[in-house]
Amino acid sequence: MPQIQFFKSIRFKIAAAFFVVFFGISLAFNYSLFQSIRNSLINAFQNSGKVEALSILNGVDDELTQIPVTQEDQPIQLWFRNMFESQMVYERPDFPEIFSSVFVEIEQPTLEGQTSLMEFIKIDSFTYCIARRPLDESTGAQISLVLAKNNQVVYDEISALKSRLIFANLGAALIAFIAAILIAHFTLKPLQKLIATAQSVKASPQMDRLPVSSANDEITQLSATMNEMISRIETSIRSQNQFFAMAAHELRTPLANMQSELEYRMGSSEKELSQDTLNSLREEVIRLKNIVQDFLLMSQLKSETLVLRKSNFRLDDLIYDMLERMRPALGTKKFDIKLSINANPEKLSINADREKLEGVLVNLFDNIRKYGESKQAVSVEISEQSGTISLQIQNGIAENIDSLQKGMGLGLQIAKQVIEKHNYQFLLLKSKTNFTIEIIFHS
């Protein structure tokens, strides 16, 4: 058996599935965590800028004559706005130039005619905190202070945090992948042992069984199921061996008879075959033909290719026709037939393949002719009860024949399987001196 590649093994598939699921779930949770931390850092940065901007704005008087001194990282602008326009009244030299044109657009009145007293605008590496204070509501005059805060440090921290979370998530997923491979290896170790044992099992009538663990898990169930399969294989092999043995036994008798007859005639002074010799050879050829037909029927049964052509007919009519057909063969050993029908003839209709069922009955009476005791009458009884028809055939056994203990040869095996193919019951009761065959036809 070829070695399974690691990337095609169950261990790898389990570990890969665990890696994907773990990485996906972890990524979703970490992304949510990252968004929460990112928003917290930005809010904290903006709140700090808000406090600074309001503090500076509170130091500016209404006439804009007193400009408070700011720290190195606090470049500011001061704007005065009336009803008509906005005008910058102060700008620290290190204030970013790009913002002036942006502020004019921001200061345009909204549809409600008012602007927010506090706004935050991010442009490139700066966050601009805009704090406003009204001067005269009648004229709409107000003072606006713009504080430029360098946000590079904050966003660098956010970027670093994002990278750390991604690498941490990937590293955890890889650790989980390796752990899953190890766990799968130890979990599937009994399965590997099971495979090794199964490879050593050879087809025979007596095969080794696979070990069944006490864990009561899926591997235990697999072992038990495979042992049941091995039992079925053993049964099939024994049945096949028995079939070949019976076939050899059935074929040996007519061939031996023909060989003896021909050798006797070859050693005789008579050059022409007598009519008795021809009749004897003809009977053996017919016997061989019937055996070959039985082999073909058994093959169809085993391959489940036997076709049943069912029709409705009366069982008692079939029994009469079969007994008439078997009369010459049974007459050679002077068998008496005792037929009794304990049922209304109108209720003896069955649905079956008449030709196949007649062949079954012929096989049964052929076994009676071979192994039966002619001093005892063959009892054939048909009875009906609650919609069930029973056919019972009973006879004594001439001697304790080994083939009877094995099922009385090929004929009875074929009979049993054909009846069961019809979904009817076939029962065989045997002892050292008697055997009884019962066929139960369900309506």
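Residues numbered from 1 in each chain as written. Predicted model: local features only at pLDDT ≥ 70, side-chain atom pairs only at ≥ 80, totals over all residues. Heavy atoms only, no water.

By the naming in an unreviewed UniProt entry, the protein is histidine kinase, taken from Roseivirga seohaensis subsp. aquiponti. One UniProt comment on the protein, placed under Catalytic activity (unreviewed entry), says "ATP + protein L-histidine = ADP + protein N-phospho-L-histidine." (UniProt positions renumbered as here; feature names shortened; annotations may be inferred.)

Caption draft 1: Spatial organisation of the domain arrangement of the protein. Taken domain by domain, the protein holds domain 1 (1-200), domain 2 (218-301) and domain 3 (309-441). At the interface, 10 residues of domain 2 touch 10 residues of domain 3. A combined buried area of about 1100 Å² lies between domain 2 and domain 3, and 63% of that area is made up of carbon and sulfur atoms. By the criterion of area lost to domain 3, the three top residues of domain 2 are Met246, Met298 and Leu301, representing 41% of everything that side buries. Where domain 2 touches domain 3, the interface holds 0 salt bridges. Where domain 2 packs against domain 3, one counts 0 residue pairs in polar contact (both at pLDDT 80 or more). For the side of domain 2 that touches domain 3, the secondary-structure elements that each account for two or more residues are helix 5 (218-267) and helix 6 (275-302). With 6 residues, helix 6 is the largest single contributor of residues to the side of domain 2 that touches domain 3. Partitioning the side of domain 2 that touches domain 3 into residue classes produces 6 nonpolar, 1 polar and 3 charged. (Domains from an automatic or database assignment. Contact = heavy atoms within 4.5 Å. Buried area = accessible area lost by both parts, 1.4 Å probe. Salt bridge = Lys/Arg side-chain N within 4 Å of Asp/Glu carboxyl O. Polar contact = N/O pair within 3.5 Å; in protein donor to acceptor, adjacent residues only side chain to side chain. Helix = DSSP H or I, 4+ residues; strand = E, 2+ residues; numbered from the N terminus. Nonpolar A, V, L, I, M, F, W, Y, C, P; charged D, E, K, R; others polar.)

Caption draft 2: Spotlight on the pairing of strand 10 (residues 388-396). Relative to strand 10, strand 9 (residues 378-385) is paired through 7 bridges, and the arrangement is antiparallel. In the sheet register, Glu381 faces strand 10, and the bridge partner there is Gln392. Connecting strand 9 to the next strand, strand 10, in antiparallel fashion are 2 residues, including Ser386 with a positive phi near 50°. Bridge analysis of strand 10 against strand 12 (residues 434-442) gives 9 bridges, and the strand direction is antiparallel. (Pairing = 2+ DSSP bridges.)

Caption draft 3: Quick peek at the confidence of the model for the protein. Of all residues in the protein, 91% have pLDDT values of 70 or greater, and the mean over the chain is 82. Low pLDDT, under 50, characterises residues 403-407; the stretch is placed with 11 contacts to residues that sit more than four places away or in other chains. (pLDDT = per-residue confidence, 0-100.)

Caption draft 4: Representation of the environment of Pro345 within the structure. Positionally, Pro345 belongs in the loop between strand 7 (337-342) and strand 8 (349-352). The spacing of Pro345 and Leu255 is 90 residues in sequence and 44 Å in space, taken between C-alpha atoms. The contacts of Pro345, once residues within four sequence positions are left out, are Arg314 and Asp316.

Caption draft 5: Main features of the side chain of Ser9. One can find Ser9 in the segment before helix 1 (10-58). For Ser9, a relative accessible area of 10% corresponds to the buried category. Polar side-chain contacts of Ser9 include one of 3.3 Å to the backbone nitrogen of Phe12. (Buried < 20%, exposed > 50% of the residue type's maximum accessible area, 1.4 Å probe, protein only.)

Caption draft 6: Broad picture of the environment of Glu358. Tracing the backbone through its elements, the reader meets Glu358 in helix 8 (residues 354-371). In this structure Glu358 comes out as buried when scored by relative accessible area, which is 18%. For the pair formed by Glu358 and Gln376, sequence separation is 18 residues and the distance between their alpha carbons is 24 Å.

Caption draft 7: Examining the sheet that holds strand 12 more closely. If you walk across this open sheet you meet the 5 strands as 7-9-10-12-11, and the pairing is mixed. At either end of the open sheet lies a strand with only one pairing partner, and these are strand 7 and strand 11 (425-430). Here the strands of the sheet are splayed against their neighbours by 15° on average, with no regard to which way each runs. Docked against the sheet, helix 8 engages strand 7, strand 9, strand 10, strand 11 and strand 12, running at close to 20° with respect to strand 10. (Axes fitted to C-alpha atoms, helices over the stretch in contact; angles between N-to-C directions.)

Caption draft 8: Representation of the packing of helix 3 (residues 152-187) against helix 4 (residues 189-199) within the structure. Two elements in contact, helix 3 and helix 4, have axes separated by 4 Å at closest approach and are oriented at 45°. By the criterion of interaxial angle, the relationship of helix 3 to helix 4 is oblique. Contact residues: helix 3 offers His185, Phe186 and Thr187, while helix 4 offers Lys189, Pro190 and Gln192. Residues that form the contact of helix 3 with helix 4 fall into these classes: 2 nonpolar, 3 polar and 1 charged. (Parallel < 35°, antiparallel > 145°, perpendicular 65-115°, else oblique.)

Caption draft 9: Fine view of the packing of aromatic side chains. Counted by the stated rule, this structure contains 9 aromatic pairs. On the basis of an interplanar angle of 20° and a centroid distance of 6.3 Å, the ring pair of Phe18 and Phe22 is categorised as stacked. Remark: Phe22 and Phe18 occur in helix 1; sequence separation between them is 4 residues, near one turn of the helix. Classification of Phe18 by relative accessible area gives partly exposed; the value is 43%. For Phe22, a relative accessible area of 31% puts it in the partly exposed group. Residues Tyr424 and Phe441 carry aromatic rings whose centres are separated by 5.0 Å and whose planes lie at 70° to one another, so their mutual orientation is edge-to-face. Taken as a pair, Tyr424 in the loop between helix 10 (409-421) and strand 11 and Phe441 in strand 12 lie far apart in primary sequence, 17 residues in all. (Phe/Tyr/Trp six-rings, centres within 6.5 Å; stacked < 30°, edge-to-face > 60°.)

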